[in-house]
Amino acid sequence: MAMRRIGQILVDMGYLSDEQLELLIDEQKQQPGQLFGRVAMDMGLVSEEQVAQALGEQMGLKVVTVSDLTIDKDVLAMVTEPMAQMYRIVPTEFEGDTLTVAMCDPQNLAVQDELRTFLGYNIRVAVTTASSMNAALERYYGENTESVESLVGDLENDAELARAAAEVSSDGPIDLTSVEALADSAPVRKLLNMVLLLAIKDHASDLHFEPFEDEFRIRIKADGVLYEMVPPPRHLAFAITTRIKVMAELDIAERRMPQDGRIELTVGGHPVDLRVSVLPTMFGESVVMRVLDRSVVSLDLNKVGMNEETMIGFRNAIKRPNGIVLVTGPTGSGKTTTLYSALNELNSVEDKLITTEEPVEYDMDGIVQVPIDASIGNTFAQCLRAILRQDPDKILVGEIRDLETAEIAVQASLTGHLVFSTLHTNDAPSTITRLKDMGVPTFLITATIEAILAQRLVRRVCKNCREEYHPTQEVLDDLEITAEEMKGHKFYRGSGCEVCNNTGYKGRVGLFELMIMNNDLRDMIMENCQTEELRKAAEKHGMVTLRTAGMQAALEGTTTPEEVIRETIMEA
């Protein structure tokens, strides 16, 4: 039976007239994706209480004024403050194995699924208004909220949990039922949920769970730097890693072999992908989770941070009909984001774009994306051969790792395709040496490479606590800046505040070094010149080095000299 439309329910309940309904339907068509109730409230035709009543009627749910309820402390404790704030929910009652939560958008079934995954209970929904939800969150979670520190303190004092952990952590055969029960226990779930949600909220890129002989360390990587959290009790290491493996659908009985998996979440209404890597160590399993939050990454070439001159050169390179465009840099330097942004700009009906990646990080409409799986023989080279039979115009190869992949990429570019790919090199000129070391013939390198973009990410000075300062003489010496050259220039740093977690930095910005190939550079490569000679020639033709780009960013107050020194190498 089809569900009644919310507009008709509002009419049946006497909150709207038929004429107003027609008007609202026309208005909603002008606002694609906007909910009918929101449009009606924005136009002042109904109140949020009336929309909540209609939603309850439509979905057969109870309507509550959650801010007025008296909720048991034990029920409130089932949902941590980060989870309540992020999902905009308040638990109201717990019966049997079912937790009732009040929420404003009961239509969002994905959130209900996530809550089942996180909390381990059946979820029943009650409808409330946005203003009532805001008041309830302030009332129940505004002050004296639970923190990771308080949660870890409670876990350390939990004797029953310690005893259960000791039983399943011992060497020898393990009882899988006991292991699953421990991993599924409320304290373990609660701690892991809080850590995950805090990491996502802080836009962290990675989560590290590391067992050592006497401690179990949790570290979060945000803006390219690792920060340590309050370590949980050592005896819970096995339970926490097992809980992660359960969520990633990995084999919890296997503790001697590395495993890889993924956890797909929808947090705060947007998808978050967690790539899980489990590695056996001397003292247990080390787990690293890569956080791929699509709402954080903007796939817009104008927002990656290139200056105008570099942007013009890169745009000209990616619009060529054939050839190879390479983006280089270490892991986590934003190479994939830059290439996706370029593909996003080139994505049109006239051209067929195909990517082959390990793994596919971001779904993009209009682009055929192929995941690599080396375990079944589906390698970059194998996949690239098949892609060429699919009549593509532009191809993205996730990474050129070996001679076979490089040769096929070269052949693809020679037969009229534009090929994008990545390499791990220190800067743009040294990429040529890397390709030669792989075994790619010099004449093919000069015939196909059109541009090489090297990049780094440096931390951005926090705008909230930015202050002027004078770098130490040691820093100035490292940057080879004299006191005379410092005159008239100012440097800035963050003093540390709540916004940046007292680090002085918030977010990151890219540094770019673009080497556009021309006849002079090609002649030098054919003559097997040294990397240093090639770099100097490229600079003469307008290439701005990573160190110079970093210095420009520091002088503009975007980053600090210390960050530039940390992320870039001094040119000889």
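In this text the structure is predicted, and so the values were computed from the model without any measurement. (Residues numbered from 1 in each chain as written. Predicted model: local features only at pLDDT ≥ 70, side-chain atom pairs only at ≥ 80, totals over all residues. Heavy atoms only, no water.)

### Brief notes about the packing of aromatic side chains
Under the defined criterion, the tally for this structure stands at 2 aromatic pairs. When the centroid spacing of 6.5 Å and the interplanar angle of 25° are considered together, the rings of Phe209 and Phe216 count as stacked. Of the residues examined, Phe216 reaches a relative accessible area of 0% and is grouped as buried. Taking NZ or CZ as reference, Arg189 lies 5.0 Å from the ring centre of Tyr121, over its face. The positively charged end of Arg459 is found above the aromatic ring belonging to Tyr505, 4.0 Å away from the centroid. (Phe/Tyr/Trp six-rings, centres within 6.5 Å; stacked < 30°, edge-to-face > 60°. Buried < 20%, exposed > 50% of the residue type's maximum accessible area, 1.4 Å probe, protein only. Lys NZ or Arg CZ within 6 Å of the ring centre and 35° of its normal.)

### Points about the UniProt feature "domain: Bacterial type II secretion system protein E" (unreviewed entry) in the protein chain
Residues given the UniProt feature "domain: Bacterial type II secretion system protein E" (unreviewed entry) here are residues 388-402. Note that residues 388-402 is 0% helix and 27% strand, and that its end C-alpha atoms are spaced 18 Å apart. (UniProt positions renumbered as here; feature names shortened; annotations may be inferred. Helix = DSSP H or I, 4+ residues; strand = E, 2+ residues; numbered from the N terminus.)

### Remarks on the sheet that holds strand S19 (residues 505-516)
Hydrogen bonds between backbone atoms are what pair the strands of a sheet, whose relative direction is either parallel or antiparallel. With respect to topology, 7 strands assemble into an open sheet ordered S13-S12-S14-S15-S11-S16-S19, the strand pairing being mixed. Edge positions in the open sheet fall to strand S13 (368-371) and S19, since each of these has one partner strand only. Pairs of neighbouring strands in the sheet enclose a mean axial angle of 20°, with direction left out of account. Across 4 bridges, the pairing between strand S12 (residues 353-357) and strand S14 (residues 394-397) is parallel. Each residue of the ladder has a partner; that of Leu353, found in S14, is Lys394. Along the sheet, helix H14 (residues 308-318) contacts strand S11 (323-328), S14, strand S15 (418-423), strand S16 (449-461) and S19; its crossing angle with S19, the most-contacted strand, is approximately 60°. (Pairing = 2+ DSSP bridges. Axes fitted to C-alpha atoms, helices over the stretch in contact; angles between N-to-C directions. Contact = heavy atoms within 4.5 Å.)

### So, helix H13 (residues 237-247)
Among the 11 residues of H13, 10 are classified as buried, and the element is accordingly described as predominantly covered. Those residues of H13 that sit buried are Ala237, Phe238, Ala239, Ile240, Thr241, Thr242, Arg243, Ile244, Lys245 and Met247. One or two positions beyond H13, positive phi appears at Glu249, with a value near 60°.

### Describing the side chain of Ser413
Checked against the element boundaries, Ser413 lands in helix H17 (residues 403-414). Every residue in contact with Ser413, bar those within four places of it in the chain, is listed here: Asn322, Gly323, Ile324, Val419 and Thr448.

### Considering the environment of Arg189
In this fold, Arg189 is placed in helix H12 (residues 186-201). Judged by relative accessible area, Arg189 falls into the buried class, the value being 5%. On a C-alpha basis, the gap between Arg189 and Arg243 in space is 7.4 Å, while along the polypeptide they are 54 residues apart. Within the structure, Arg189 has its side chain in polar contact with the side chain of Tyr121 (distance 3.3 Å). (Polar contact = N/O pair within 3.5 Å; in protein donor to acceptor, adjacent residues only side chain to side chain.)

### Details of the pattern of salt bridges
Within this structure, the stated rule accounts for 26 salt bridges. Linking Arg262 and Asp273 is a salt bridge whose minimum nitrogen-to-oxygen distance equals 2.5 Å. Within this pair, whereas Arg262 is found in strand S8 (residues 259-267), its partner Asp273 is found in strand S9 (residues 270-281), the two being separated by 11 residues in sequence. By relative accessible area, which is 39% here, Arg262 ends up partly exposed. Among the ionic pairs, Glu450 bridges to Arg522, the shortest N-O distance being 3.6 Å. (Salt bridge = Lys/Arg side-chain N within 4 Å of Asp/Glu carboxyl O.)

### Examining the nonpolar core
By size, the foremost hydrophobic cluster in this structure holds 62 residues, and its most contacted members are Val90, Phe209 and Met289. Tallying contributions element by element places H12 first for this core, with 8 residues. Among the nonpolar cores identified, the runner-up in size contains 44 residues, and Ile400, Ile408, Ile449 and Met515 belong to it. (Core = buried A, V, L, I, M, F, W, Y, C linked by side-chain atoms within 4.5 Å.)

### Some remarks on the sheet that holds strand S4 (residues 122-127)
The strand order across the open sheet formed by 4 strands is S1-S4-S3-S2, and the pairing between neighbours is mixed. Looking along the sheet, the strands with just one partner apiece sit at the ends: strand S1 (62-63) and strand S2 (89-95). As paired strands, strand S3 (residues 98-103) and S4 are joined by 6 bridges and run parallel to one another. Following the sheet pairing, Ala102 is matched in S4 by Ala126. Sheet strands touched by helix H7 (residues 109-119): S2, S3 and S4. Its angle to S4, the strand with the most contacts, is close to 135°. Running over the sheet, helix H8 (residues 130-141) touches S2 and S3 and is turned about 70° from S2.

### A closer look at the pairing of S16
The element S16 is largely enclosed, with a buried count of 12 among its 13 residues. In the sheet, S11 pairs with S16 via 5 bridges, with the strands oriented parallel. Residue pairing across strands places Leu326 opposite Ile452, the latter belonging to S16. Looking at chain direction, S16 and S19 are connected through 10 bridges and run antiparallel. Within S19, the position partnered with Gln455 by the bridge is Phe512.

### Brief notes about the environment of Asp18
As for its position among the elements, Asp18 is in helix H2 (residues 18-29). Distance in space between the C-alpha atoms of Asp18 and Gln8 is 8.6 Å, their sequence separation being 10 residues.

### Description of the state of the cysteines
What the rule picks out here adds up to 0 disulfides. For the unlinked cysteine Cys462, the closest cysteine sulfur is that of Cys465, found at 3.7 Å. (Disulfide = S-S within 2.5 Å.)

### Examining the pairing of strand S7 (residues 225-228)
Note that strand S6 (residues 216-222) and S7 share 4 bridges and pair antiparallel. Each residue of the ladder has a partner; that of Ala222, found in S7, is Val225. Hairpin connection, S6 to S7: the antiparallel pair is bridged by 2 residues, and Asp223 has positive phi, about 55°.

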